[in-house]
Amino acid sequence: MDAVRLIAAGRHALAQSGAAWDIVGEAWQAQALTQGVGSWLAVSGPPELRAEARGLGEAGGRGCGLLDRAAAVGGEGSVPDYPPRAAQLTEVADARQALLGLQALLGEVGIALVGVACGTDDETLYWQCIESIDAADESSDRVRALLRRISVRERGSASGVT
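Residues numbered from 1 in each chain as written. Predicted model: local features only at pLDDT ≥ 70, side-chain atom pairs only at ≥ 80, totals over all residues. Heavy atoms only, no water.

Colleague: Please explain empty space enclosed by the protein as it appears in this structure.
Modeller: Taken as a whole and assessed by the stated rule, the structure comprises one cavity of 30 Å³ or more. The space that makes up the largest cavity amounts to roughly 60 Å³. What lines the largest cavity is a set of 10 residues, and nearest its centre among them are A27, W28, Q31, G63 and S132. Mapped onto the lining of the largest cavity, the elements with two or more residues apiece are α2 (20-44) and α6 (123-158). In the lining of the largest cavity, the residues fall into six nonpolar, four polar and no charged. (1 Å grid on protein atoms, 1.4 Å probe; cavity = no way out; pocket = protein on both sides within 12 Å on 5 of 7 lines; lining within 4 Å. Points joined across faces, edges and corners; volume = space filled by probe spheres on them. Helix = DSSP H or I, 4+ residues; strand = E, 2+ residues; numbered from the N terminus. Nonpolar A, V, L, I, M, F, W, Y, C, P; charged D, E, K, R; others polar.)

In structure tokens form, the structure reads like this:
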């Protein structure tokens, strides 16, 4: 499935999440998708994006490693144990649109996690949110860098410079 469709599905799932641990689970899903998109672009994307895309994949991977499933299952809710949406990723047909969607998703994840962190008395959940917010912010920084790189490349193409 194309990255843009998976990102849209992630944004929808996040918007439908009500329980705190469901939101944390969706943050994990977003990081897994970030890792997938970054890895795909690092291997198959335009050559000038590959190094920064590798960094995006690594940042997403670190974000995936943050979810403490044992704590989540022991919390008030439980994080669903299903494969990441990113496992369905087959292509990134439009890198710009995928990165713009990913940037929006990561921003929405950050906002949702702030709401959870501010509304909980559970210290484990609080710190899980804080770490996940940091991971989403780092991933978002990487996405912005890639979008800048794409803009520079497009300006160069438009002016005849390659």
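Colleague: Explanation requested: the side chain of T34 in the structure shown.
Modeller: Its location among the elements puts T34 in helix α2. Among the residues examined, T34 registers a relative accessible area of 0% and is labelled buried. When residues no more than four places from it in sequence are discounted, the contact partners of T34 are L56, G57, G60, L102, L106 and S139. (Buried < 20%, exposed > 50% of the residue type's maximum accessible area, 1.4 Å probe, protein only. Contact = heavy atoms within 4.5 Å.)

Colleague: When you look at the state of the cysteines in this model, what are you seeing that I'm missing?
Modeller: What is meant by a disulfide is a covalent connection between two cysteines, made through their sulfur atoms. Applying the stated criterion to the full structure yields zero disulfides. Left unpaired, C118 is separated from the closest cysteine sulfur, that of C129, by 9.3 Å. (Disulfide = S-S within 2.5 Å.)

Colleague: Help me understand the packing of helix α3 (residues 50-64) against α6, please; the structure alone is not making it clear to me.
Modeller: For any two helices packed against each other, one specifies the inter-axial angle together with the distance between the axes. Interaxial distance between α3 and α6 falls to 9 Å at its minimum, and their mutual angle equals 165°. As far as their axial angle goes, α6 and α3 are roughly antiparallel. Between α3 and α6 lies a crossing of left-handed hand. Contacts from E52, A53, G55, L56, A59, G60, R62 and G63 in α3 reach A135, E138, S139, R142, V143, A145, L146 and R149 in α6. Across the contact of α3 with α6, the residue classes break down as seven nonpolar, four polar and five charged. (Axes fitted to C-alpha atoms, helices over the stretch in contact; angles between N-to-C directions. Parallel < 35°, antiparallel > 145°, perpendicular 65-115°, else oblique. Left-handed = near helix turned anticlockwise from the far one by under 90°.)

Colleague: Please clarify how α2 should be interpreted in this entry.
Modeller: Residues that lie three or four places apart on an α-helix share one face, since the helix turns once every 3.6 residues. Helix length check: α2 (25 residues) gives 36 Å between terminal C-alpha atoms against 36 Å at 1.5 Å per residue, within 8%. Along α2, 18 of the 25 residues are buried, which leaves the element largely enclosed by surrounding structure. (Expected span 1.5 Å × (residues − 1).)

Colleague: Is there a simple way to explain the packing of aromatic side chains in this structure?
Modeller: The description of an aromatic ring pair uses the distance of the two centres, along with the angle that the planes make with each other. With the rule as written, the count across this model stands at one aromatic pair. Both rings, one in Y126 and one in W127, keep their centres 5.0 Å apart while their planes meet at 85°; by these two values the pair is edge-to-face. Relative accessible area serves as the criterion here: at 30%, Y126 is assigned to the partly exposed category. (Phe/Tyr/Trp six-rings, centres within 6.5 Å; stacked < 30°, edge-to-face > 60°.)

Colleague: In this structure, what is going on with the pattern of salt bridges? I would like to understand it.
Modeller: Where side chains of opposite charge bring their charged atoms close, a pairing between them can arise. According to the stated counting rule, one finds eight salt bridges in the structure shown. Between E108 and R11 there is a salt bridge whose closest N-O contact spans 2.5 Å. Of the two residues, E108 sits in helix α5 (residues 95-118) while R11 sits in helix α1 (residues 3-16), which places them 97 residues apart along the sequence. Overall, the relative accessible area of 29% leaves E108 in the partly exposed class. Exposure remark for R11: the relative accessible area of 32% places this residue in the partly exposed category. Measuring nitrogen to oxygen at the nearest pair gives 2.5 Å for the salt bridge that ties E154 to R96. Linking E154 in helix α6 with R96 in helix α5, this pair joins segments that are 58 residues apart in sequence. For E154, a relative accessible area of 36% translates into the label partly exposed. A relative accessible area of 23% places R96 in the partly exposed class. Each of R62, E138 and R142 takes part in salt bridges that share partners, so that together they form one network. (Salt bridge = Lys/Arg side-chain N within 4 Å of Asp/Glu carboxyl O.)

Read these as geometric descriptors, not functional statements.
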